[in-house]
Amino acid sequence: MQMRRINEPAPHPGATVAPDRRARAARLDRNRVICAIVACLLAYGVARLLVAGIAAGTGGPDRIHLGQMIALFGLPVMVVVGFGAWKGHAGLLMLGACGGLAAGLRLFAA
Amino acid sequence: MRETLRTRLGWLHGWLGYMAGLVLTCIFATGSVAAFNMEITRWMQPEVQLATLVPPSARALDAAARVVAAEQARGVSAFIALPSARSSTLDVLHYNGHEFIGARLDPATGAVIPARVTAGGGLFYNFHHTLFLGPQMGTVIVNIAGIALLVAIISGVVIHIHALLPDIILLRLTAARLRAWLDAHLLAGVLFLPFMAMMAYTGVLVKADMIVPAPPRPARSVLVPAPPPALMPDMTALPLASMLARARASLPGQEPGFILFAPQRVSIFAGDASSAFLTRGHADFSLPGGSPLPVDTTATPMARTMQFMHGVHYARFAPPSLRWLYFLSGLCGTAVMASGLVLFVMKRRRHAGHRGAHRLADGLNVAVIAGLPAAMLAFLEGNRLVPASLAGREDWESAIFFAAWGLCTLHALFQALRGQAQWAWRAQLGLVGLLGTGLPVLDLLCCPGALRAQPGLHMAVDGMGAGAAIVALYARHRLGQRGA
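Quick caveat: nothing in here was measured; it's all calculated off a predicted structure.

Once that is clear, we can look at the overall build of chain A. For chain A, the helix and strand inventory stands at three helices and zero strands. Put simply, of all contacts in chain A between residues at least 6 apart along the chain, 64% involve residues at least 24 apart.

Below you can see the structure in the form of structure tokens.
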């Protein structure tokens, strides 16, 4: 191994650290974008299933209105939860569970 | 960087808030102005100088029916709008794809008032709920923006939940610029959080059938061919005055607002100003005899709740004081969004200020925050400058609005992409100041009679223009003091 002279400037730390940091930040951003899109799509799907589940049966327009009120109240909350609870994709799993419940509600009512 | 709930939701709040905020600022600004859509239409028709509310006479109703018949002969589906506290004329209106336009009649005599045709406050109302992009695409964009607003509100509350109360009393205008903008964003955001959340939620509920439609139900019977379209009976022989009296009796506590015509029936609907519940209760009469038809007007609690949600969003029941509150709250909501847009760009300036995307964002901010008010003022001034007898002048007015905004956007983007966004800010804020101060002068010069007949209305609209000018010139002054 060649010894570095004592008066030779040390390599700039940014030269090696910055690209790594930038790559990490880019990866984080990419993961966040994907997670946000998946959370939005899942939340919207759950909202649609909720309306279908609550409106199923013979309730008429009242149940449709009730389903829409609950779904539109829950939709932004589900997006925030799906995106915010990121550890182990807990939020997305929760949304999936909600979707399963809503689908079950529809099957049960039908 | 360590990933926490706050950093993650901060990222969501920033990016989603910025992308939706560009549209939401326009929606909130035009929605706030649309709280006075009928008053603006009255301001834009200075020939109509009826100040007092007069119930429509039988003669006037017959004259209106003749106008409806003439419109129907031209293939235009028109209806009658009865005089109300906000509009004292008897109107025969039709939808031209963007606004309700038509003849204005004197409710006492039935004489047609030779008022200029105008896009009126309907332009702001239409822009608010469709962005002028048509009922399909525009409404979808507005709906997505509405949901995004709710997401931004919830994520914003989670980010600042530990400091919601201190945020109400902190405004450090003399602090560093970023801190001052953040304080203003938080202060207005916390104070008007209930209003913004209410408007966003009721707004998406208005279009709930489009966002989360109910699943289609299976058809019960085989399809039968639709009957051929029936011909409209002779409208000029209808006893509208007696129908109106009977409708008034069958709509207790509600004042009739509209008369709609169908081949087999005439429907008299309650006006939207009757109560906070947008009931659309109606009394139907058969044609051509005019005998009352049975109508079930009972509403279930859920239907009443939905009617209330609609009523609270449209605010047509609101007396003038509450309407002003809606207007001012809407402006403060607009300020929250506009300050959020500025903050988003400002926070990233040090690291990304040299990038084209950052400059583009800066230019779009100028176009939305300064360009839109300039276009709105140009639209109002265009009403005074476009000849009153010009055919299709409502389209000219709309064209002035969009042309002014388009030019402002081009100017802002050109300057921002050159790295000179502060020039665009200064120029366009100056333009708002010029147009705003010019509005009362132009109104006084072009329509002195209308100003004398309805001083309150004209002072309010002109005053709003002057107010916008003062705010814009103050902002321009501050911008000059503190540099880019």
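Moving on from the model shown.
All right, on to the overall build of chain B then. The helix and strand tally for chain B stands at 18 helices and eight strands. Taking 23 Å as the expected radius of gyration for a compact globule of 484 residues, we find that chain B reaches 25 Å, a close match to that expectation. A burial count over chain B gives 44% of its 484 residues as buried. Within chain B, contacts between residues separated by at least 24 positions form 69% of all contacts whose residues are at least 6 apart in sequence.

Quick look at the environment of A:A97 now. Residues and elements named next belong to chain A. Relative to the helices and strands, A97 resides in helix α3 (residues 90-109). Here A97 falls in the exposed class, since 11 other C-beta atoms lie within 10 Å of it. Taking the C-alpha atoms as reference, A97 lies 9.3 Å from V46; in sequence the two are 51 residues apart.

Residues and elements named next belong to chain A. Packing of helix α2 (residues 61-84) against α3 leaves a shortest axis separation of 6 Å and a crossing angle of 140°. Taken together, the axes of α2 and α3 are oblique relative to one another. Counting all contacts with α2, which are made through M78, V81, G82, F83 and G84, the residues of α3 involved are G91, L92, M94, L95 and C98.

All names here are of chain B. Of note in this structure, R280 is not a glycine but carries a positive phi near 55°. Examined against the element boundaries, R280 turns out to sit in the loop between β6 (265-270) and β7 (282-286). Since 15 C-beta atoms lie within 10 Å of it, R280 is described here as partly exposed. In this structure, A315 takes a positive phi of about 55° despite not being glycine. In this fold, A315 is placed in the loop between α11 (301-314) and α12 (320-347).

The next thing to look at is the pairing of β6(B). All names here are of chain B. Of the strand pairs in this sheet, strand β5 (residues 256-261) and β6 are connected by five bridges, and their pairing is antiparallel. Within the sheet, the bridge partner assigned to F258 lies in β6 and is F269. Connecting β5 to the antiparallel partner β6 that follows it, the hairpin turn spans three residues. Across five bridges, the pairing between β6 and β7 is antiparallel. Counted as the bridge partner of V266 is F285 from β7.

Here we come to the UniProt feature "transmembrane region" (unreviewed entry) in chain B. All names here are of chain B. UniProt tags residues 12-36, 140-165, 186-206, 324-345, 357-379, 399-417, 429-451 and 457-475 as "transmembrane region" (unreviewed entry). A helix fraction of 92% and a strand fraction of 0% characterise residues 12-36, whose end C-alpha atoms lie 34 Å from each other. Strand forms 0% of residues 140-165 and helix 88%; the C-alpha atoms that close the span are 36 Å apart.

A few words on the sheet that holds strand β4 (residues 112-113) of chain B. All names here are of chain B. Spatial ordering of the open sheet is given by β4-β3-β2-β1-β5-β6-β7-β8, a layout of eight strands whose pairing is antiparallel. Strands at the two margins of the open sheet, each flanked by one partner only, are β4 and β8 (292-293). As paired strands, strand β2 (residues 90-95) and strand β3 (residues 100-105) are joined by six bridges and run antiparallel to one another. Each residue of the ladder has a partner; that of H94, found in β3, is I101.

Here the focus is the interface of chain A and chain B. Of the residues lining the interface, 23 residues belong to chain A; the matching set on chain B comes to 21 residues. Secondary-structure elements contributing two or more residues to the side of chain A that touches chain B are α1 (13-55) and α2 of chain A. Looking at the side of chain A that touches chain B element by element, the count peaks at 15 residues for α2(A). Classifying every residue of the side of chain A that touches chain B gives 17 nonpolar, three polar and three charged.

Definitions and limits used
- Residues numbered from 1 in each chain as written.
- Chains lettered and ligands numbered in written order.
- Predicted model: local features only at pLDDT ≥ 70, side-chain atom pairs only at ≥ 80, totals over all residues.
- Helix = DSSP H or I, 4+ residues; strand = E, 2+ residues; numbered from the N terminus.
- Contact = placed C-beta atoms within 7 Å.
- Rg over C-alpha atoms; globule rule 2.2 N^0.38 Å.
- Buried ≥ 20, exposed ≤ 12 C-beta atoms within 10 Å, placed from the backbone.
- Axes fitted to C-alpha atoms, helices over the stretch in contact; angles between N-to-C directions.
- Parallel < 35°, antiparallel > 145°, perpendicular 65-115°, else oblique.
- Pairing = 2+ DSSP bridges.
- UniProt positions renumbered as here; feature names shortened; annotations may be inferred.
- Nonpolar A, V, L, I, M, F, W, Y, C, P; charged D, E, K, R; others polar.

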